Structures are given as C-alpha cells and as structure tokens.
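Residue strings, one per chain:
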Amino acid sequence: MPMPVLEEKRRAALARALGQTHQKRAQAVAEMPEWEAMRQRAHDIRAAAMERLDEHLAQFERAAAANGIHVHHAATAEDACRYVVELARQLDVEKAVKSKSMVTEEIHLNRALEAAGVRPIETDLGEFIAQLKGDPPFHLTAPVVHLTRDEVGQALAEKLGVPFTNDPAKLTMIAREALRREFLSARLGISGGNFLVAETGGIVLVTNEGNGRMVTTLPNPQGPRVHVAITGIEKVVPTLRDAAHLLRMLARSSAGARLTAYTTFIQGPRKRATGEEPSGPDEVHVVLVDNGRRAMLADAKLREALFCIRCGACSNICPVYRRAGGHAYRSVYNGPIGAVWSAALWDTEQAAALPFASSLCGACADVCPVKIDIHHAMLWQRNLATRRGRVPAWQRLAWRLWRVGMEHAALYRTGSRLARLLAPQSLLNAMARPWTPKRDLPPLAAKTFHELWKEEA
Ligand code: SF4
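Below or above, wherever it landed, is the structure these notes cover. (Residues numbered from 1 in each chain as written. Predicted model: local features only at pLDDT ≥ 70, side-chain atom pairs only at ≥ 80, totals over all residues. Heavy atoms only, no water.)

Side note on the overall build of the chain
For step 1, the next point in the chain: Helix and strand content of the chain: 22 helices and 10 strands.
For step 2, the next point in the chain: What you see for the chain is a C-alpha radius of gyration of 25 Å, in line with the 23 Å of a compact globule of 457 residues.
For step 3, the next point in the chain: Overall, the C-alpha framework of the chain stretches about 90 × 55 × 45 Å when taken along its three principal axes.
For step 4, the next point in the chain: Counting all 457 residues of the chain, 50% fall into the buried class.
For step 5, the next point in the chain: Put simply, of all contacts in the chain between residues at least 6 apart along the chain, 75% involve residues at least 24 apart.
For step 6, the next point in the chain: Split by element, the accessible area of the chain, about 22400 Å² in all, is 55% carbon and sulfur.
For step 7, the next point in the chain: Once the 60 positive and 48 negative side-chain charges of the chain are each reduced to a mean point, those two points are 4 Å apart. (Helix = DSSP H or I, 4+ residues; strand = E, 2+ residues; numbered from the N terminus. Rg over C-alpha atoms; globule rule 2.2 N^0.38 Å. Buried < 20%, exposed > 50% of the residue type's maximum accessible area, 1.4 Å probe, protein only. Contact = heavy atoms within 4.5 Å. Areas by Shrake-Rupley, 256 points an atom, 1.4 Å probe, with all protein chains shown as cover. Lys, Arg positive; Asp, Glu negative; His and termini not counted. Charge placed at Lys NZ, Arg CZ, Asp CG, Glu CD.)

If you want it as structure tokens, here you go:
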C-alpha cells in the first residue's frame, strides 16, 4: 500500500521546521573543518564496538555490577517488559515517570505497564504532548514536530483542564507544573540510555529539558527510589572517550548544538556512606534489549544500521519523510534509518515495504554522523524482501512485465500505444486511487518520447 502523504498545509509547516533544524545542523557542522574526520572516527568507534559486542557487553556488566547496578539481558520485548513490570509490582507503585526512550516505544512498555495497573507518564515535553493526544512519536528526536501551537494548546486544555493558550512559554509552564507534581510523587523512574560505557559500567543520558535528571537523580526521598534504564545492546561503547566523541556528533547532528543541554553520567545508586546530601535512587537497573539486534549484527549488510546514535538528521533531510511525515511509516522507528530498523526487527509485509519507500538519493547517508550507508542497506532489504516473498504477487508481476518491456523496444512501444488506447483516464484514476486523493494523476501523453523524437528528427 502506498504511503499516505500529509495535507498540503501541514507538509509545508513540517518542511519548514525540518529545514530549520537541518540548517542549524549545517551551521554547527561548518564550525568544524575536521567534520569529515570526526565522522570517520565516530564510524570507527561504532564499528569497533559492534565488532566485539559480546566482549564489551561483558565488560560493561562487570563494571556496572561493581558500581551496584543490576543488569538484566532481555532477548525479547516481552522479556524486557516482564522485568520492568515485576519491578513495579515489587515497589507496589501505581505510576512511573519516564524520560524519552525509543526502545520503550519499540517494546511497547507503556502498554505492558498499563495492563499491570501502572500509569506511565512521559516527561519529555514532546512525548508528554504525544501521550496526551494518544499519538505515537512522529520523529526520532522531535515527537510532535508536526503539531501547531494551537493544536498543542488544545491538547493541554482538553486533557489537563487548563485555559487554552498558544503561547509557547505558557504552554511549557503548564506542562512543567503538571510534570513537577508527578516527579515528586513517583517512586519508579524509567529512562533509555544513549550510551553504555564498557570501561566504567556507567550510563550516559542526554536530554534538552532536564527531565532525564528528574527521572533518575532527584534528591531522595522526594524522587524515584528505583531507576531502570532500558536500552538496546548496541548502545555499548568501549571507553568514556568514545562516548565523549559521539556526544559531540549527536548534539551537532540532532539540534545543531555543541552539546545537548543536559548530559548525565549515571554510575550507580546513591552512595549511602559518603555523608553527602543523598541524591539519586536506591536501586539502578539496566535492561539490555536484543529483540532482533543480534540478527542484524549477523548480516554484514545490515550491521552498520546498529551504529545509529538516533540523531534524526537523516529524517530531516529525507524527501520522502518530509512529504509523508513520521506517522506514515506506521512504525515507532521512522525516517530512512527507521525504515531499515523496522524491516530488520519486524518480519511483516508492512515493515518489509518501508525500504521501498525511498528514492535512494543517498542524502541520508551524506548527513549521517556515523557514516551509515543507509540507502544501500535499504537496497539490500528490498532484495531480502523479494527473496522472502514479502513483495505482493501483483507487484512482482508488474515488475516482470516492466522488465520484459524495457528489454524489447518494439514491445515497449506497442504496449504503451495499447495502454493509451485501451486504458481510459478514468480506469487509470481508479487503479491509482490510494494515491490520487492528495495527488493529481496527469493524463497519459498523446505521444511517446520516441514518436516526438522521430517527428523532430
Ligand atoms: S542513521 Fe545516522 S543520521 Fe539517521 S538517526 Fe541514525 S545516526 Fe542519525
């Protein structure tokens, strides 16, 4: 099924917003004449991490245990959810505060918590608004980039019972007030993890709003007593120096900033015997999620996708994403790298179709701070989808016919003449109906290029 496109007004607003972010990125990159060398180094760091993934994970686990962190390996999404739900049951909590985490979206943790009677509260401003509206994230780093100020104001007014405003400063204060109460009364904090450092056994977390710190390190006893970080196994990096380099690449690529506003290094639960002001939770857990990542690692042509540091730069530049928007992918992972991840993680016809929704222009690979060859990964996934029978029969037949036509000029000319004669515009419109509500299907040209060329010659 073709991807739906956004209506014209929203598409223009989205293109403007993404264009501005892309522009800020370009300025931040232009400040660094050595950017290409930095990209190569980032690529090498991620390649080295994946090359000996098990070794780095084992090192991380040992160091984390020495820091007092519990590490749980989750082979599947269900396993990861079960572990977190069990923690919530042991704590006997009715709610949990969350900072932004794509992995928790991937494993549908909120659904699992709700089924267990625990209310998950998203505390990243964008995620908070998306949750109020009941929407999935629209973008890897900007979950509600597609909404107008009026729409955000309406959502807050309807769901929180506050007077309507579309003033961004007032909207932020409303959300801040609502969330502050939740931070101070929650006993379970859930976060993702941008990087796991093998040599220190620590978790690196970046946010631009400080909500990550409220979830993980509020002074006890007000804040969460237990912090659980849920992250993919691929987030491990060998050294703190490596993490520092990737942090620089991430901030410039995602927001055009030199560093994100808050970078938090979590080294374990609060220390009881230091005599300092007690701060942070009593327990820290890390859930290392596989859920299909090892299969990606085993495929030499997909392995690079695991290098992704989720900056979102590839979505901001992608002509397909700009037109279709994040929800069109019908997957928590959207945009060019989201298409690759979705097709790798979920063996469904819908996920397998996503790598086909690309012009393969390669703009995504050009901006990727870790130099992932994204469009070639998509090309490879098209190949895999075809071989696994994930491409609908009518499409395979259509391509076969097209190929025969392309290989035989006389056949092609006869076929296109017949199409013009036998397929009236109304029939073509009917065949293209999923596309035509928001696009025009121009009538077939009266003459082919070949005929025009012959006339002119
Ligand atoms: S693939 Fe590259 S550009 Fe896209 S989100 Fe990941 S790191 Fe960023």
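Details of the nonpolar core
For step 1, the next point in the chain: In this structure, Ile190, Ile230, Ile337, Trp341 and Ile374 are the most contacted members of the largest nonpolar core, which totals 95 residues.
For step 2, the next point in the chain: In terms of residue count, helix H4 (residues 77-91) provides more of this core than any other element does, 7 residues in total.
For step 3, the next point in the chain: The two domains that each donate at least three residues to this core are domain 1 (32-291) and domain 2 (308-387).
For step 4, the next point in the chain: When residues no more than four places from it in sequence are discounted, the contact partners of isoleucine 337 are Leu140, Ala305, Cys308, Cys314, Ile372 and Ile374. (Core = buried A, V, L, I, M, F, W, Y, C linked by side-chain atoms within 4.5 Å. Domains from an automatic or database assignment.)

What to know about helix H1 (residues 8-30)
For step 1, the next point in the chain: Taking 1.5 Å of rise per residue, 23 residues should cover 33 Å, and H1 covers 32 Å from first to last C-alpha, within 8% of that figure.
For step 2, the next point in the chain: Those residues of H1 lying buried are Arg10, Arg11, Leu14, Leu18, Gly19, His22, Arg25, Ala28 and Val29.
For step 3, the next point in the chain: Buried-residue contacts for H1 involve helix H2 (35-51), helix H8 (149-160), helix H11 (240-255), helix H13 (313-317), helix H14 (319-324) and helix H17 (363-367). (Expected span 1.5 Å × (residues − 1).)

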